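An overview of the molecular structure
The chain contents come next:
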Amino acid sequence: MRISTTFSATIVAMLASLLFSPVLHAAVQAMLDRYQAYEGDQLTLTIEADTRDPGEPDLAPLSKDFRILGKNASTQVRIVNGQRSDKVSWRIGLEPLRLGKLQIPPIRVGREQTQALEVTVSQVPEE
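Heads up: these notes are all about the structure in this document. The shown structure was predicted, so the numbers you read here are calculated from the model rather than taken from an experiment.

A short note on the sheet that holds strand E1 (residues 28-32)
The strand order across the open sheet built from four strands is E1-E3-E5-E4, with neighbouring strands paired in antiparallel fashion. In the strand order of this sheet, the two ends are held by E1 and strand E4 (66-80), each with one partner. On average, each strand axis in the sheet is tilted by 15° relative to the strand beside it, whichever way the strands run. The sheet contact formed by strand E3 (residues 43-49) and strand E5 (residues 83-96) spans seven bridges and is antiparallel. Residue pairing for E5: Leu43 is matched across the bridge by Leu94.

Now the structure itself:
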């Protein structure tokens, strides 16, 4: 049974796009513990880097809309079947400085940067 050249080329292209997709294999990524908050709430921004020594994240762009309350770092090293993988994580406490839709701009970590995020900050509802 022969598989057509076009079909084979399509399969190879699909596999290559999955393997090299920047979304699936981002070296640095960011996430929030929640994307909706109330005035006065503390948010936790987590930045993860899949590299041994990425450098420190540049948190200066956050100062426009957030007060930085603290930062913790942790490192994870895994060795599976002789293959080493490293992950560095930072957890950053943030306090929004105003109401509305706030942007967490891309954060530079070494030569990489995170994606932008958005959080909506609302007034505390009256009871």
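Notes on the pairing of E5
The two faces of a sheet get side chains in turn, since along a regular strand they alternate between them. Relative to E5, E4 runs antiparallel, the two sharing 14 bridges. Opposite Arg78, over in E5, you have Ser85 as the bridge partner.

Description of the sheet that holds strand E6 (residues 100-104)
Spatially, three strands are ordered E2-E9-E6 in an open sheet, and the strand pairing comes out mixed. Either end of the sheet is taken by a strand with one partner, and the two such strands are strand E2 (36-38) and E6. Direction aside, the axes of adjacent strands within the sheet are offset by 30° on average. Direction of pairing for E6 relative to strand E9 (residues 117-122): antiparallel, over a ladder of five bridges. Counterpart to Gln103 in the pairing with E9 is Glu118.

Calculation notes
- Residues numbered from 1 in each chain as written.
- Predicted model: local features only at pLDDT ≥ 70, side-chain atom pairs only at ≥ 80, totals over all residues.
- Heavy atoms only, no water.
- Pairing = 2+ DSSP bridges.
- Helix = DSSP H or I, 4+ residues; strand = E, 2+ residues; numbered from the N terminus.
- Axes fitted to C-alpha atoms, helices over the stretch in contact; angles between N-to-C directions.

This is a description of form; function is not addressed.
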